[in-house]
Amino acid sequence: MRGATHAKWAACAAAVALAATACGSSGGSSSGGGDGSAVLSASWGDPQNPLEPANTNEVQGGKVLDMVFRGLKRYNAKTGKAEDMLADKIETTDSQNFTVTIKSGWKFSNGEAVTAKSFVDAWNYGASLKNNQKNAYFFGYIDGYDKVHPDSGSQSATTLSGLKVTGTDTFTIKLTQKFSTFPDTLGYAAYSPLPSTFFSDHAAWLKKPVGNGPYTIESYTKGSQMQLKKWDGYTNADKAQNGGVTLKVYTDNNTAYTDLMAGNLDLVDDIPASQLKNVKSDLGGRYINTPAGIIQTLAFPYYDKDWNKSGSEKVRQGLSMAINRDQITDTIFQKTRTPATDWTSPVLGTAGGFQDGLCGDSCKYDPTEAKKLVQEGGGLPGGQVKITYNADTGSHKEWVDAVCNSINNALGNDKACVGNPVGTFADFRNQIGQHKMTGPFRAGWQMDYPLIQNFLQPLYYTNASSNDGQWSNKDFDKLVDEANAETDTGKAIKLFQEAEGVVRDNMAAIPLWYQNGSAGYSDRLSNVALNPFSVPVYNEIKVG
Amino acid sequence: MPEQPFEPERAIAGTGMGGAMDLATSEAETLEKTPGGPEGTGPQEKPRSLWSDAWRDLRRNPVFIISALVILFLIVISLWPSLIASGNPLKCNLAKAQEGSQPGHPFGYDGQGCDVYTRTVYGTRTSVTVGVLATLGVAIFGSVLGGLAGFFGGIWDSILSRLTDIFFAIPVVLGGLVLLSVVTSNTVWPVIGFMVLLGWPQISRIARGSVITAKQNDYVQAARALGASNSRLLLRHITPNAVAPVIVVATIALGTYISLEATLSYLGVGLKPPTVSWGIDISSASAYIRNAPHMLLWPAGALAITVLAFIMLGDAVRDALDPKLR
Amino acid sequence: MGRYVVRRLLQMVPVFIGATLLIFLMVNVMGDPIAGLCGDRQCDPATAAQLKKEFGLDKPVWQQYLTYMGNVFTGDFGTAFNGQKVTELMATAFPVTIRLTVVAIVIEVVVGIALGVVTGLRRGRPIDTSVLLLTLIVISIPTFVTGLLLQLLLGVEWGWIKPSVSTDATFSELIVPGLVLASVSLAYVTRLTRTSIAENRRSDYVRTAVAKGLPRRRVIIRHLLRNSLIPVVTFIGTDIGALMGGAIVTERIFNIHGVGFQLYQGIVRQNTQTVVGFVTVLVLVFLVANLLVDLLYAVLDPRIRYA
């Protein structure tokens, strides 16, 4: 019968095709060979914004910028310390006016020399309102920002008056206030230099960004993959140790991990929590788990009077003590998170302001004390807390459910806490922005630069850009102001820690855990590491 | 008319993964098309005996008896879950996360250390509620609109049919992602509402087709000639004869709605805690498929059995109502 | 025939407008997309206002819709938030999804109809019962479970296939995802064909054909199958649109960068332009496929004539 014959044929064809793909699956994506010319493939996510340096505020776009650009400073992949890259020296006498001298000899991959103008033009572009750069606020400390980027109305200037080119390789920066650690912030991608083609042919540049880093972009298939090639003209010491990197877009990190296991992908830098149990057996030693400058907290809506009355800090402390951080980080995260004991991150180091145990008993699991504190504070507002989070990215559901179960068990009420997923990240941000939160909500903070200032000021200073809960405390603000004005780094950090003490006493946000970067890689790779931003140090990776 | 016999079959498709594509009559009625061949006499000639014949058939059909018993059991469990599960589905102990079967906990624990057996039993209520209410909503809304379109014809038919097409053209999963991603309520109502909103065209087309078929019968024409009012025609003469295909399709669709709820959960827009549902459990278990397959097996098995029972019931009813297969 | 096609095309216009308006409104219900663009912090109000203006989000919805449709008719589907033209995204996404759909349809047609014919001719025999049971099981398990299981077993445990599909998305890579995508429809096609064959087998013209002494093979293919295919064709025709739009789950599991991926990405980022653009094309595909199916009726069933 004809139909049956068809079916048989189809089955055979399928079998042949299966066998063919099976044969082809072992070789990975490149030609192999250990001479530094081999290309590795790595997991990636579709960047959310155009790949302009001052417009990229998430880690996926950041990965590309990190390969394609080098700025004045660069954070040491191991220590996190800001080290001079293009900067020859950055001088100041008053912590407010800086003179920058850049090293000569740097070039963009199109041959153009990197000069002081490359920086000043790029920063002016980034700050200017008309260019819609989402990281414009990074230039907010520079004099004249309020003219090029007013809060409302149209801009009255196109360039920052605080920036002046004084020579081919020198320029000056004038800030609006004293900011002693300002030079250390300059390693952030938003401060990258830009070639003149960025301005003259913007559309072409966006299609294929050109920078001054160790890699050049070979091809970019939108929403699918990007091929980066080692740039042979790059002469600095941190040149690429491999022939290039192919970034492949994955919607689901589980699929990326599955691909890694099947030898279809070389590097996954975001291992799903559900697979962490298997990494030992799947990857043996080809797994790294290193601290990153990320802290997860639960923030509270202080615009809601239920959370902003006397005694509610006791409720927050009680909730904090009802969370069994050790158990959750062990079980759900398989130790890729470390229970938090302060509001910063261990990557800062003790010298940088990290203070283990600053939170004290308030961050230790103690169900009896937790129950007592919640009662003393007047009970949970409305009898129930809803922890709001976004359900589309980052598998937050698991830990929120676990936190809720922990609170429920501690308080002896299985409806005390319930997770409240919001469908999309955009909607989650919307609800936060419109002050619609009625209870604690997920607040993750990934540092922009490894300074204690970055963990405190943007999050807890009155009306700061990421102070989503609208927490406000005069003592805290005063201490931060003092710390910023302090020219002695050691003293400044002391003051920041005092300010952190204010956060603790009010339990402005419940610190949950410090997030590590975790990555797994194929047996073709060696020398794989993650920097403190949990981004793989691609240029150091050796293939073969 | 060829529509009658295969409509139920076609209609099953509507709620499948890919969505809205039930086809049913599509344009066929509005076309000038030569009437069908030998088929088309259909069930409507002897309504009483059709139903009693069908019932006699069903009583002797083991498939019907088994699926009906399974459904009866599911309904009892939905109403009184504590009959067979003494635990609390919300009481979880993280220390036991992902552990397998052990005394007192035959299905093991899930990723949060909740008892899988208790959660599976308690999840029945949600899934059955979603399935039954969504089907009821779709059936009522769809058959009213479709029936009116078929009965009045003309401009009304054109308008309603185009409206049906519009809702048909939106892929179901896509619509779910868009509409449910903004929902903040943690009840079952938004999910049911969405299913009705995008599911009604499926029934509407079938109802329209069968009303048109029924309308052309001699006894309806006769009643009309005797001066029966429209409402009397619709209620007394047409509805009883047009309702069979709707019932069949609705039974089968019920299963697919239950399955759809799980898919929505997998995409992150399904039901929300503290609601306990198979969909929520299946989607969270799917991440642990390698380490703890038992977390997936039980809720997915319960879901499959439920869907299977409803589809088999629908199948059996269809066979019983279709005189040609007798 | 020509007049019929013209009338059908005219009827498509209101459906097209209605469906695009519906999806436009639905995406708008999702709220302000700008808030999600600035990471875990508030966009500064000036930039947010500027972005809203640029994407036309400061206008009332009806005006946005009119502007958008006006642009669509000139071939401009707008720009995604990451600065990529939606038409560019379509150019990379649609070929992939079309390949996936073709694989799925071929599987449906070949396997589904073959199984349907076999079971239809052997109604009540063990093979019929077992295939019937199998189709029921396939229907009752959600696709994402089937997909994840096949990916784990074939891709990881046994290593027969790559667990994900590469950027090229060649036909051979798409066989397993295509099977997953087709699985539920495959079960329906089998059942449809089975019922239809079983019904028509007892019809007069088949008996006549057999009585004439025609070879069994010829009877089955020329007479029985041809007449039994109408419901199957209807189903498959309307399934095309469903498969393309419904591949969200399959494309996510196998990391296929097609229409489903772009739609998912677009919805998660509340990217109106991407979502509406892709759905607009899907609606067109749906309408055209429906028309083709109705025209195919005439080919399969000579009793049907379109005036």
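Parameters at a glance
Residues numbered from 1 in each chain as written. Chains lettered and ligands numbered in written order. Predicted model: local features only at pLDDT ≥ 70, side-chain atom pairs only at ≥ 80, totals over all residues. Buried ≥ 20, exposed ≤ 12 C-beta atoms within 10 Å, placed from the backbone. Helix = DSSP H or I, 4+ residues; strand = E, 2+ residues; numbered from the N terminus. Contact = placed C-beta atoms within 7 Å. Nonpolar A, V, L, I, M, F, W, Y, C, P; charged D, E, K, R; others polar. Core = buried A, V, L, I, M, F, W, Y, C linked by C-beta atoms within 7 Å. pLDDT = per-residue confidence, 0-100. Pairing = 2+ DSSP bridges. Domains from an automatic or database assignment.

S.K.: Quick question: what am I supposed to make of helix α2 (residues 59-68) of chain A here?
M.R.: Because an α-helix completes one turn every 3.6 residues, residues spaced three or four positions apart along the sequence face the same direction. All names here are of chain A. The element α2 is extensively covered by neighbouring structure, given that seven of its 10 residues are classed as buried. Of the residues making up α2, those classed as buried are Gly61, Lys63, Val64, Leu65, Asp66, Met67 and Val68. Tucked into the core, α2 has its buried residues touching β1 (39-44), β8 (215-221), β9 (225-230) and β10 (244-249).

S.K.: I keep staring at the interface of chain C and chain A and nothing clicks. Help me out?
M.R.: Interface size is often expressed as the accessible area that is lost when the parts come together. Contact with chain C, which involves 60 residues of that partner, is made by 58 residues of chain A. Contributing elements (two or more residues each) for the side of chain C that touches chain A: α2 (45-54), α4 (86-121), α6 (143-157), α9 (216-246), α10 (248-253) and α11 (259-268) of chain C. With nine residues, α4 of chain C is the largest single contributor of residues to the side of chain C that touches chain A. Of the residues contributing to the side of chain C that touches chain A, the split by class is 28 nonpolar, 21 polar and 11 charged.

S.K.: Would you mind showing me how to read the nonpolar core here?
M.R.: One broad trend across soluble globular proteins is that nonpolar side chains are buried collectively. Grouped together as the largest cluster of nonpolar side chains are 349 residues, with contacts concentrated most on Ile407 of chain A together with Met195 of chain B. When residues no more than four places from it in sequence are discounted, the contact partners of isoleucine 407 of chain A are Leu319, Ala322, Ile323, Ala416 and Cys417 of chain A.

S.K.: Would you mind going over the confidence of the model for chain C with me for this structure?
M.R.: Low pLDDT marks stretches whose predicted atomic positions should not be read closely. Residues and elements named next belong to chain C. Looking at chain C, the pLDDT average stands at 84 and 97% of residues meet or exceed 70. Averaged over each element, pLDDT in chain C is lowest for α9 (80) and highest for α4 (90). The ipTM assigned to the predicted complex is 0.82, against a pTM of 0.83.

S.K.: I'm lost on the environment of threonine 158 of chain A in this one. Help?
M.R.: Residue placement: threonine 158 of chain A occurs in the loop between α4 (145-148) and β6 (163-165). Residues contacting threonine 158 of chain A, with those up to four places away along its chain left out, are Ser128 and Val148 of chain A.

S.K.: Which parts of the structure should I look at to understand the pairing of strand β14 (residues 385-390) of chain A?
M.R.: It is a general feature of regular strands that their side chains alternate between the two faces of the sheet. Residues and elements named next belong to chain A. Burial analysis of β14 places six of its six residues in the buried class, the great majority of the element. Of the two faces of β14, the one holding Val385, Ile387 and Tyr389 and the one holding Lys386, Thr388 and Asn390 are both buried throughout. Here β14 pairs with strand β15 (residues 417-422) via six bridges, running parallel. The residue bridging lysine 386 from the neighbouring strand is valine 418, located in β15.

S.K.: Would you explain the domain arrangement of chain A in this entry?
M.R.: Residues and elements named next belong to chain A. Considered domain by domain, chain A is made up of domain 1 (26-46 + 222-288 + 520-544), domain 2 (68-198) and domain 3 (300-516). Computed from C-alpha coordinates alone, the two centres of domain 2 and domain 3 are separated by 32 Å. Counted by class, the side of domain 2 that touches domain 3 contains five nonpolar, seven polar and two charged residues.

S.K.: Is there a simple way to think about unusual backbone geometry in this case?
M.R.: Working note: non-glycine residues mostly have negative phi, and peptide bonds are mostly trans. Each neighbour pair has its own omega, and for proline 273 of chain B with proline 274 of chain B the value is 10°, a cis peptide bond. Mapped onto the elements of the fold, proline 274 of chain B is located in the loop between α9 (230-266) and α10 (278-285). Here the phi dihedral of glutamine 470 of chain A falls at roughly 60°; this positive angle occurs in a residue that is not glycine. Along the chain, glutamine 470 of chain A falls in the loop between α16 (452-460) and α17 (474-485). Residue glutamine 470 of chain A is classed as partly exposed on the basis of its C-beta count, with 17 C-beta atoms lying within 10 Å. Notably, asparagine 527 of chain A is not glycine yet its phi reads approximately 60°, a positive angle. Along the polypeptide, asparagine 527 of chain A turns up in the loop between β18 (525-526) and β19 (542-543). Judged by C-beta crowding, with 12 C-beta atoms within 10 Å, asparagine 527 of chain A ranks as exposed.

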